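Listed below are the residues making up each chain.
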Amino acid sequence: MSLPLVVGNWKMNTLVWQARELARGIRQHIELHHFDRSVRIVLCPPFVNLTAVAEELAGSSIDVGAQNCWTEPYGAFTGEISAAMLRAIGCRYVLIGHSERRTLFHENDAMIAEKLLRAWEAELVPILCIGETLQQRQLNQTWNVVENQLRGILSCQERSKKWVCAYEPVWAIGTGIAAEAEQIKEVHEFIRLLLNGRGCSHVPILYGGSITPENASVIFSVQNVSGGLVGGASLRVESFVAIIEAAAHAYRTRS
Ligand code: 13P
């Protein structure tokens, strides 16, 4: 069984000195308790703090990821950042299609498909975020939504490359209301079947949305949950490390 993956998405938080402090604090705890032997960890700070965080993590097992990249490799796209630029400063992962990008910045599936290609070209591991809104869930559309969001990647030649799927129900993001274990179980099972049916059994499926130290153990013990994508609780060393510890524990119990 491969190691669980815990990703911290810092969103638009941290000034550079705060990012350094947070990365340093996480590294110290991880190394002290040897969690790096049982969990893979990725930190995704804002673009401008990536280099500082990469410096703080140099020589550790913790990877750096970006929160987004642009659809083109280079050119006249004022204000945008390419996947190759991210790779050149030490990123290994990139979040693609986060629900905040889809809703606030109107990213559609065609753009997301382009971004995935750019990520692979730059040898980054894309973390594709999918998930339904509250209204879609209430209308029983969760299955269709998730399947449609995966359609692009599952019909793409490159799907056998390394990538990660993150199921983040939009209604659970930043609300303090995580999905129930049973809800996570049925959607993860559905995604697992879709991925396995298209030659993607190697792809881990993370859960994201209001993960806290209190609910992490239950979430990580759900079948087909390979780790977590953590927002708010990744901004404090204590809470993020507690979530990592829960992932390590779940891994040891399962294997
Ligand atoms: P919260 O953990 O703050 O709900 O955020 C989840 C998320 O969007 C991670 O990408």
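This is a predicted model, so every value here is computed, not measured.

## Overview of helix α5 (residues 109–121)
Two residues of an α-helix separated by three or four positions point the same way, owing to the 3.6 residues in each turn.
Inference 1: With 13 residues, α5 should reach 18 Å at 1.5 Å per residue; the first-to-last C-alpha distance of 19 Å fits that figure.
Inference 2: Along α5, the residues that are buried comprise Ile-112, Lys-115, Leu-116, Arg-118, Ala-119 and Trp-120.
Inference 3: At its buried positions, α5 is contacted by α3 (83–88), β4 (93–96), α4 (99–104), β5 (125–130) and α7 (142–154).
Inference 4: Between a side-chain oxygen at the N-terminus of α5 and the backbone nitrogen of Ala-110 the separation is 3.1 Å; the capping residue is Asn-108.

## Quick word on the sheet that holds strand β1 (residues 5–9)
Inference 1: Taking strand neighbours around the barrel as the criterion, the eight strands line up as β1-β2-β3-β4-β5-β6-β7-β8 in a closed arrangement whose pairing is parallel. The sheet shows a mean angle of 25° between the axes of neighbouring strands, taken without regard to direction.
Inference 2: Bridge count between strand β6 (residues 164–167) and strand β7 (residues 205–208): three bridges; the pairing is parallel. Bridge pairing links Tyr-167 to Tyr-207 in β7.
Inference 3: The sheet strands contacting helix α2 (residues 50–57) are β2 (40–44) and β3 (63–66), and the helix crosses β3 at an angle near 170°.
Inference 4: Set on the sheet, helix α10 (residues 237–254) makes contact with β1, β2 and β8 (227–230); between it and β1 the angle comes to about 160°.

## Remarks on the nonpolar core
Inference 1: Core analysis: the largest hydrophobic core is formed by 70 residues, its most contacted members being Leu-150, Trp-163, Ile-191, Leu-195, Tyr-207 and Phe-220.
Inference 2: Broken down by element, this core gets its largest block of residues, nine residues, from α10.
Inference 3: With residues near it in sequence (within four places) discarded, Leu-150 still touches Leu-128, Ile-130, Trp-163, Cys-165, Ile-191, Leu-194 and Leu-195.
Inference 4: One finds Val-42, Cys-44, Tyr-93 and Leu-95 within the second-largest nonpolar core, a separate group that totals 13 residues.

## A short note on the packing of α7 against helix α8 (residues 181–197)
Inference 1: Their axes nearest at 11 Å, the elements α7 and α8 cross at an angle of 30°. The orientation of α7 with respect to α8, classified from their angle, is roughly parallel. Note on packing geometry: the crossing formed by α7 with α8 is right-handed. Along its contact with α7, which presents Thr-142, Trp-143, Val-146, Glu-147, Leu-150 and Leu-154, the element α8 presents Glu-186, Val-187, Phe-190, Ile-191, Leu-194 and Leu-195.
Inference 2: Of the residues contributing to the contact of α7 with α8, the split by class is nine nonpolar, one polar and two charged.

Analysis parameters
- Residues numbered from 1 in each chain as written.
- Predicted model: local features only at pLDDT ≥ 70, side-chain atom pairs only at ≥ 80, totals over all residues.
- Heavy atoms only, no water.
- Helix = DSSP H or I, 4+ residues; strand = E, 2+ residues; numbered from the N terminus.
- Expected span 1.5 Å × (residues − 1).
- Buried < 20%, exposed > 50% of the residue type's maximum accessible area, 1.4 Å probe, protein only.
- Contact = heavy atoms within 4.5 Å.
- Polar contact = N/O pair within 3.5 Å; in protein donor to acceptor, adjacent residues only side chain to side chain.
- Pairing = 2+ DSSP bridges.
- Axes fitted to C-alpha atoms, helices over the stretch in contact; angles between N-to-C directions.
- Core = buried A, V, L, I, M, F, W, Y, C linked by side-chain atoms within 4.5 Å.
- Parallel < 35°, antiparallel > 145°, perpendicular 65-115°, else oblique.
- Left-handed = near helix turned anticlockwise from the far one by under 90°.
- Nonpolar A, V, L, I, M, F, W, Y, C, P; charged D, E, K, R; others polar.

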